[in-house]
Each structure stands twice: as structure tokens, then as C-alpha cells.
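Fold and contact review
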Amino acid sequence: MELGFSMMVLAVVWSIFRQEILRYQLRLGTALYDLPRPAEPAQVKAAEYTGVILRILLFLLGLTIVLARLMLR
């Protein structure tokens, strides 16, 4: 159950600091893959959507773990 709660908390914290994380992702992408700086708008949108999908997935998996644990008690 702790794993589920920690996954949900991580998703919430990621949502709060999403702009800082996005800037870090783009900076890391420019360093690793020699992408142009500043990033193109399409790259920024792709990074935003990837973050949204991962946050939703993380939260839903955490919620599933917590609910399954509560139902199986």
C-alpha cells in the first residue's frame, strides 16, 4: 500500500513542479542529442504531453495498488 501512496504523491509533486521538470528535460535533451537551443515548439509540446501521460499513468497505477490492497484485506 505504501508503494501506491508514494506513486500518487510522486505524481502530485511532479504536477506541482512540472515547469521546472520540463525545462530540465529540454536541457538534458539538448545536451544528450545535440538538439537546437532554444527548443522548437513541437519539442516542447511533445515533452509536455509525455509528462502528462506519465503523471496520469503513475497516479492511476498507484490508485489501483491502494484500492486492490484495500479490497483484498
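Notes on the structure in this doc start here. (Residues numbered from 1 in each chain as written. Predicted model: local features only at pLDDT ≥ 70, side-chain atom pairs only at ≥ 80, totals over all residues. Heavy atoms only, no water.)

With respect to the helices and strands, the residue Arg-55 is situated in helix α3 (residues 41-71). Of the side chains with opposite charge, Glu-48 lies nearest to the buried Arg-55, which makes no salt bridge, at 8.7 Å. When residues no more than four places from it in sequence are discounted, the contact partners of Arg-55 are Ala-11, Trp-14, Ser-15 and Arg-18. (Helix = DSSP H or I, 4+ residues; strand = E, 2+ residues; numbered from the N terminus. Buried < 20%, exposed > 50% of the residue type's maximum accessible area, 1.4 Å probe, protein only. Lys, Arg positive; Asp, Glu negative; His and termini not counted. Salt bridge = Lys/Arg side-chain N within 4 Å of Asp/Glu carboxyl O. Contact = heavy atoms within 4.5 Å.)

On to the pattern of salt bridges. Across all of its chains, the model carries two salt bridges by this definition. One salt bridge in this structure joins Glu-20 and Arg-23, with 3.9 Å as the shortest N-O distance. One end of the pair, Glu-20, and the other, Arg-23, are both in helix α2 (residues 18-33), three residues apart, so they sit about a helical turn from each other. We note a salt bridge from Glu-48 to Lys-45, for which the minimum N-O separation is 3.9 Å.

Attention shifts here to the side chain of Thr-30. Relative to the helices and strands, Thr-30 resides in helix α2. Polar contacts involving the side chain of Thr-30 include one to the main-chain carbonyl oxygen of Arg-27, which spans 2.7 Å. (Polar contact = N/O pair within 3.5 Å; in protein donor to acceptor, adjacent residues only side chain to side chain.)

As a further point, take the packing of helix α1 (residues 2-16) against α3. Where α1 contacts α3, the axes come no closer than 7 Å and their chain directions differ by 155°. Judged on the interaxial angle alone, α3 and α1 are roughly antiparallel. Of the two elements, α1 crosses α3, and the hand of that crossing is left-handed. Each of Leu-3, Gly-4, Phe-5, Met-7, Met-8, Leu-10, Ala-11, Val-12, Trp-14 and Ser-15 in α1 lies in contact with α3, whose residues at this interface are Gly-51, Leu-54, Arg-55, Leu-58, Phe-59, Leu-61, Gly-62, Leu-63, Ile-65 and Val-66. Of the residues that constitute the contact of α1 with α3, the class distribution is 15 nonpolar, four polar and one charged. (Axes fitted to C-alpha atoms, helices over the stretch in contact; angles between N-to-C directions. Parallel < 35°, antiparallel > 145°, perpendicular 65-115°, else oblique. Left-handed = near helix turned anticlockwise from the far one by under 90°. Nonpolar A, V, L, I, M, F, W, Y, C, P; charged D, E, K, R; others polar.)

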